[in-house]
Amino acid sequence: MADQTHVLFVEDDDVIREATQLALERDGFAVTAMPDGLSGLAAFRADRPDIALLDVMVPGLDGVSLCRRIRDESTVPVIMLSARADSIDVVLGLEAGADDYVTKPFDGAVLVARIRAVLRRFGHAGGPDRGEAEPSAAGGVLAFGDLEIDTEGMEVRRAGQPVALTPTEMRLLLEFSSAPGTVLSRDKLLERVWDYGWGGDTRVVDVHVQRLRTKIGQDRIETVRGFGYKLKA
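Residues numbered from 1 in each chain as written. Predicted model: local features only at pLDDT ≥ 70, side-chain atom pairs only at ≥ 80, totals over all residues. Heavy atoms only, no water.

1. Observations regarding the overall build of the protein
Logical step 1: When its secondary structure is counted, the protein shows eight helices and 11 strands.
Logical step 2: Taken across its 233 residues, the protein has 47% of its residues classed as buried.
Logical step 3: Taking as baseline every contact in the protein between residues at least 6 positions apart, the subset at least 24 positions apart corresponds to 60%.
Logical step 4: Here the protein has roughly 10700 Å² of accessible surface; of this, 50% comes from carbon and sulfur atoms. (Helix = DSSP H or I, 4+ residues; strand = E, 2+ residues; numbered from the N terminus. Buried < 20%, exposed > 50% of the residue type's maximum accessible area, 1.4 Å probe, protein only. Contact = heavy atoms within 4.5 Å. Areas by Shrake-Rupley, 256 points an atom, 1.4 Å probe, with all protein chains shown as cover.)

2. Here's the deal with the environment of isoleucine 79
Logical step 1: Structurally, isoleucine 79 can be placed in strand S4 (residues 78-82).
Logical step 2: Given the relative accessible area of 0%, isoleucine 79 is considered buried.
Logical step 3: Dropping the residues within four chain positions of it, isoleucine 79 is found in contact with Ile51, Ala52, Leu53, Leu54, Asp100, Tyr101, Val102, Arg114, Ile115 and Val118.

3. Quick word on the packing of helix H6 (residues 167-178) against helix H8 (residues 203-216)
Logical step 1: As a packed pair, H6 and H8 sit with axes 10 Å apart at the nearest point and diverge in direction by 85 degrees. When the interaxial angle is binned, H6 and H8 end up roughly perpendicular. Where H6 abuts H8, its residues Thr168, Glu169, Leu172, Leu173 and Phe176 lie against His208, Val209, Arg211, Leu212, Lys215 and Ile216.
Logical step 2: Of the residues belonging to the contact of H6 with H8, the class tally is six nonpolar, two polar and three charged. (Axes fitted to C-alpha atoms, helices over the stretch in contact; angles between N-to-C directions. Parallel < 35°, antiparallel > 145°, perpendicular 65-115°, else oblique. Nonpolar A, V, L, I, M, F, W, Y, C, P; charged D, E, K, R; others polar.)

4. Quick word on the sheet that holds strand S5 (residues 100-103)
Logical step 1: Reading across from one edge, S2-S1-S3-S4-S5 is the order of the five strands in this open sheet, with parallel pairing throughout. Each edge of the open sheet carries a strand with a single partner, namely strand S2 (30-34) and S5. On average, each strand axis in the sheet is inclined to that of its neighbour by 20 degrees, with strand direction left out of account.
Logical step 2: Sheet topology places strand S3 (residues 51-55) next to S4; four bridges connect them, and they run parallel. Along S4, the bridge assignment pairs aspartate 55 with leucine 81. (Pairing = 2+ DSSP bridges.)

This is the structure we're talking about:
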């Protein structure tokens, strides 16, 4: 298991849980599958997996609450599974700290692709070369008002205080800081930050932008209606 990517999979439907576990194992993942949120939390704390797949509607401790508990303890990537694409549960899961979501029923190949995309992002939190950004101080530190971004140390400070960001939030901030004042569309952010080579749900972007705003300042990222977002230079 040490050489494999370890997936924690929490799903209460026996058929889906067993079939998905087998599919993931065939693709080379090591899988710990649990039927409810409480056992999923215990397994997370015991095994410290590389990624967590959480169904929204599981007994004991629902997937959204489980995501919050995991996010309180770790920045491990989390993908939520939801049976309804238009459910408020999707947004709640993202607001709880999930990095992405997949709608059920899902194709096994699509799920694997999404897992690998998330893992690529987390394995390279700095993202693509940011050589076009002009640091305002030596050592790869960008400054925007009271916001400082250390692009080498992957650290952020606001008014001198450290800001804890998830890897996805860090990648999003790096995208904005690489081109301050430039409007980035939601589709472009999905492509660059979420590694989507296909169309994705822009709610993922909107929720993460809002989470980022709460950490770096509500007025730091501006909404350009009809076009996207930009970081105020």
